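Remarks on the overall topology
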Amino acid sequence: MTDSSIGTPEQLRDPNYFPAIYRAVPLGIQHVLAMFVSNVTPAIIVAGAAGFGFGSNSPDFPELLYLIQMSMLFAGVATLLQTVTLGPVGAALPIVQGTSFAFIPIMIPLVAGKGVDGLAALFGGVIIGGLFHALLGTVIGRIRFALPPLVTGLVVTMIGLALVKVGIEYAAGGVPAKASGAESYGSLSSWTPALIVVFVTLGLKFFARGMLSVSAVLVGILVGYVYCLLVGKLPVEVISGSWQRSAAFALPQPFKYGFEFSFAAVIGFCLMAFVSAVETVGDVSGITKGGAGREATDKEIQGATYADGFGSAIAGVFGGFPNTSFSQNVGLIAMTGVMSRHVVTIGAIFLIVCGLVPKVGGLIRTVPIEVLGGGVIVMFGMVVAAGVSMLSDVVWNRRNMVIFAVSLSIGLGLQLEVMNVAPGSANALQHLPDTLRVLGASGILPAAFIAIVLNLILPETLADEATEEVSGGMAGHGRGALVKDDHV
């Protein structure tokens, strides 16, 4: 799909090459469109879990707009750190940063039902976790041994499994409608917009080419949005009112929600920083291989990790969420064949401009919850699929099956049991201190901890009969992609 009119093959593989501006601008905006929905969705989910803003008709409506605004602004700032660099911070590669889905299962228990008051501890965790993430840049090469595909694949799969429930709740009418017992929750009128988004997204992804395929989720949401306008589910007055109530320009406010030290938040964000750091290493390697046909250097990986961490810490100061490299943009570079970091810099500037204009957030806020649900069903399902893809690189012997089985069983079990009971009701972790209960409720951290420890301490081989009793005779008969590759 490389367009030779943009430059010579050598130029296209050069991160420092700057195409003609009339070509660079649309290429940069294309990067933004590919990640836009994914970037602002975490803000909407966290606000919904806390109980303000989206769909709740609360007086805290401006707070959701601010969170959306910060998501755009600091995705742009973090991307600039990667492309322009600041000393050792940044990889000087076309890496697009955005709000990470990985931290959502950590953030939801921290803010659940607390309203805006729950944000002080959350952003305290974002800041400290971001600084810790930056420190990982100095040792990232030495800790990768503790995070093989068995561990990272399990964690990414668990992240997706924690999120898919949110997509269904949104598609059925939203958490506020569910909590209030509204008749509309789960009705055909609620599901129809979500299904339209899913079908349009799938159709474009598989049968369209170029920009339409890359921005399939965004186009699907736009189609669902128009449908809601046509059938009256989204009154025009709501759009005009949101537009009028949003400022034309606003600067970020440091410590807008205060700063609170929460041990649970700090531990949760620091532990998830390991996962995010390893994901960034993979993305940097994918960019250099797909765009330049070479391996990433240690300096590039280190700089990218620094930018991840410092970008997240700066965002937390102003009310933004943790940032990480966006994998979908790695695929976009491989598709276009344009390795220029300056193209991505243009996209970063576009994001910053959007982040300084709250009216953009005001329009995003009017997207019906069911329409957003259709989009996140696809996105969160892809997170699960990405985890399964990583697990395909595992050699499924008896040892690895036991590690995966125990980690998944405890992690997913805690997630399903603790996160799905009413506040104040009995749950499996109710006798633990608040910090441990919050950390355990996501299921991801217990699963990751167990997988890492077992992977480090268990012997490389188990006796042939060691797992047959618990596996029904199916233990260790699958062969991972690494084994297959040996025979190619």
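Residues numbered from 1 in each chain as written. Predicted model: local features only at pLDDT ≥ 70, side-chain atom pairs only at ≥ 80, totals over all residues. Heavy atoms only, no water.

A tally of regular secondary structure across the protein chain gives 23 helices and two strands. Computed over C-alpha atoms, the radius of gyration of the protein chain comes to 22 Å, within 12% of the 23 Å expected from 2.2 N^0.38 for 488 residues, which places it in the range of a compact globule. In terms of overall dimensions, the protein chain has C-alpha extents of about 70 × 65 × 45 Å along its principal axes. Counting all 488 residues of the protein chain, 55% fall into the buried class. In the protein chain, once contacts between residues fewer than 6 apart in sequence are set aside, the share between residues at least 24 apart is 82%. Accessible surface for the protein chain amounts to roughly 20,400 Å². Of this, 67% is attributable to carbon and sulfur atoms. (Helix = DSSP H or I, 4+ residues; strand = E, 2+ residues; numbered from the N terminus. Rg over C-alpha atoms; globule rule 2.2 N^0.38 Å. Buried < 20%, exposed > 50% of the residue type's maximum accessible area, 1.4 Å probe, protein only. Contact = heavy atoms within 4.5 Å. Areas by Shrake-Rupley, 256 points an atom, 1.4 Å probe, with all protein chains shown as cover.)

Each pair of packed helices can be described by the angle between their axes along with the distance between the axes. Viewed as axis vectors pointing N to C, helix 5 (residues 119–136) and helix 14 (residues 298–318) meet at an angle of 165 degrees, and their least axial separation amounts to 7 Å. Classified by the angle between their axes, helix 5 and helix 14 sit roughly antiparallel to one another. The handedness of the crossing between helix 5 and helix 14 is left-handed. Where helix 5 approaches helix 14, its residues Phe-123, Val-126, Ile-127, Gly-130, Leu-131, His-133, Ala-134 and Leu-136 are matched on the opposing element by Thr-305, Tyr-306, Asp-308, Gly-309, Phe-310, Ser-312, Ala-313, Gly-316 and Val-317. (Axes fitted to C-alpha atoms, helices over the stretch in contact; angles between N-to-C directions. Parallel < 35°, antiparallel > 145°, perpendicular 65-115°, else oblique. Left-handed = near helix turned anticlockwise from the far one by under 90°.)

A surface patch of nonpolar side chains, about 540 Å² in accessible area, is lined by Phe-145, Phe-449, Val-453, Leu-456 and Ile-457. In this structure, Leu-456 sits in helix 21 (residues 444–457). (Patch = residues over 30% accessible without salt bridge, like charges linked within 9 Å, V, L, I, M, F, W, Y side chains within 5 Å. Salt bridge = Lys/Arg side-chain N within 4 Å of Asp/Glu carboxyl O.)

Residues of the protein chain with pLDDT of at least 70 account for 90%, and the chain-wide mean is 84. Per-element averaging of pLDDT across the protein chain places helix 23 (residues 481–485) at the bottom with 42 and helix 5 at the top with 95. Predicted confidence for residues 470–476 stays below pLDDT 50, and this span has eleven contacts to residues more than four positions away or in other chains. In this model residues 481–488 is a low-confidence stretch, pLDDT under 50, and it forms eight contacts with partners more than four residues away in sequence or in other chains. (pLDDT = per-residue confidence, 0-100.)

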